[in-house]
Amino acid sequence: MEQEKPQPTTTTTTAATASKPRLALSPLTRFHAGYFRISLSLCAQALLWRTLSSDATSNSAATLSDPLRAVLRHLPSAAFILLWSLALTTLSTLSLLFLLRCLLNPRSLRSEFSHDVGVNYLFAPWISWLLVLQSSPFLGPGTPTHLILLFAFSLPIVALDVKIYGQWFTKGKRFLSVVANPTSQMSVIGNLVAARAAAMSGWRECSVFLFSLGFTHYLVLFVTLYQRLQGSDRLPATLRPVFFLFVAAPSMASLAWDSIAGTFDTSSKMLFFLSLFIFASLICRPALFKRSMKRFHVAWWAYPFPLTALALNSAEYALVVDGEVAHWLMLVLSVLSVLVTLILIVFSALNTNALFPHHDPFVSLPVTNSSGGPSSA
């Protein structure tokens, strides 16, 4: 008896049907926490203009002699609300995409925890929410809703601290000398931003706790990265813009201590000068970033946030130092941060296809295996 031939139609149809959702979800599956660089930059920009706008209403001699604040006094309040709304909308959209990715593919979140870069950018969503909360034109510091949101956004940072710092301290699966890279400073920045937000809301003890936790680990991390130990030189050329996080960490430490101490004292100035020196050192080495600038990548969004943090520092410095140099320094840094942010918004709009590359170095870096050594992702 002649055997019946198998019918491939059903199998082919099923395979084609199964492939459709994968193709539809492919941009979502390539989404990762590194995209929160965009919200970090926009939320920090909103905080900068909130700070400059509030200072512009002051009648002190420092603000009256500042050309930038003189311009801001004549801008309508709707301009700042529009900027803050853009930051909030971008952050909400990124948070929704990240939540959908975690729900549809829970393994992706577990793999991100094992990723030498990805685990550090898990701090970025909560830092962004804290920045947008501090710059909110509708919620003043100390109000019940503000305090509830502050607690909700700070708690995940402390939880991640326990996870990551505990591994660094106990030399477990991911000891610091192996996994340290410039993005490791995101954990420090998270603590410092939370410390500043807590201090401005009247939670002094909490702010001191968060500042001590972040700054202590910053000192250890800075020395580790400075000595170029095993984990600090494994970043591909495309991700070299994250070197500007060396500027962001001391800048946020200066701002946090300013809020805790109540004045931009000598300690804040020292941290500001350190961040200014590191910024000058980086811009004097354009060859370091030459390869990363050949083709647009979302990693370019690592530039605006440190620049804006430095501009925020210069604004506080100009308030306490009576001199033309301080005001012009603030003007140059603020204008530079705005221009870089605007340029990246235009580039992102013109290169939407490049926002989700199929070969993303973010997901091809080494990850730490169960024995503590590096393995390929």
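Computed from a predicted model, the values in this text were never measured in an experiment.

Cut-offs and rules
Residues numbered from 1 in each chain as written. Predicted model: local features only at pLDDT ≥ 70, side-chain atom pairs only at ≥ 80, totals over all residues. Heavy atoms only, no water. Helix = DSSP H or I, 4+ residues; strand = E, 2+ residues; numbered from the N terminus. Buried < 20%, exposed > 50% of the residue type's maximum accessible area, 1.4 Å probe, protein only. Contact = heavy atoms within 4.5 Å. Areas by Shrake-Rupley, 256 points an atom, 1.4 Å probe, with all protein chains shown as cover. Core = buried A, V, L, I, M, F, W, Y, C linked by side-chain atoms within 4.5 Å. Expected span 1.5 Å × (residues − 1). UniProt positions renumbered as here; feature names shortened; annotations may be inferred. Salt bridge = Lys/Arg side-chain N within 4 Å of Asp/Glu carboxyl O. pLDDT = per-residue confidence, 0-100.

A. Region of the structure containing the overall build of the chain. Along its length, the chain carries 15 helices and 2 strands. Residues classed as buried in the chain amount to 50% of the 377 residues present. Contacts in the chain between residues at least 24 apart in sequence constitute 80% of all its contacts with a sequence separation of at least 6. For the chain, the computed accessible surface area is about 18,000 Å², with 68% contributed by carbon and sulfur atoms.

B. Local environment of the nonpolar core. Within the largest apolar cluster, 104 residues are counted, with the highest numbers of intra-cluster contacts made by Tyr 121, Ile 127, Leu 130, Leu 131, Met 186 and Ile 189. No other element matches the 11 residues that helix α2 (residues 36–56) contributes to this core.

C. Layout of helix α8 (residues 144–170). Its 27 residues give α8 an end-to-end C-alpha distance of 38 Å, which sits within 8% of 39 Å, the value for a rise of 1.5 Å per residue. For α8, the set of buried residues is His 146, Leu 147, Leu 150, Phe 153, Ser 154, Ile 157, Leu 160, Asp 161, Ile 164, Tyr 165, Gln 167 and Trp 168. As for α8, its buried residues are in contact with α6 (106–113), α7 (124–134), α9 (176–179), α10 (185–200) and α11 (204–226).

D. Here's a closer look at the UniProt feature "transmembrane region" (unreviewed entry) in the chain. As annotated in UniProt, the feature "transmembrane region" (unreviewed entry) corresponds to residues 78–100, 121–140, 146–165, 209–226, 238–257, 269–288, 300–320 and 326–350 in the numbering used here. From the first C-alpha to the last, residues 209–226 spans 26 Å; its make-up is 100% helix and 0% strand. As annotated, residues 326–350 has a helix share of 100% and a strand share of 0%, and its two end C-alpha atoms lie 36 Å apart.

E. Region of interest: the pattern of salt bridges. Taken as a whole, this structure holds 1 salt bridge when the rule is applied. When the shortest N-O distance is used, the salt bridge between Arg 101 and Glu 112 registers 2.6 Å. One end of the pair, Arg 101, is in helix α5 (residues 77–104); the other, Glu 112, is in helix α6, with 11 residues separating them in the sequence. Residues Arg 101 and Glu 112 agree in their burial class; the two are buried.

F. Here's a closer look at the confidence of the model for the chain. Per-residue pLDDT for the chain averages 82, and the proportion of residues at 70 or more is 78%. Predicted confidence is poor over residues 8–25, with pLDDT under 50, and the contacts of this stretch with residues over four places away or in other chains come to 1 contact. Counted against residues more than four places away or in other chains, residues 370–377, with its pLDDT under 50, gives 18 contacts.

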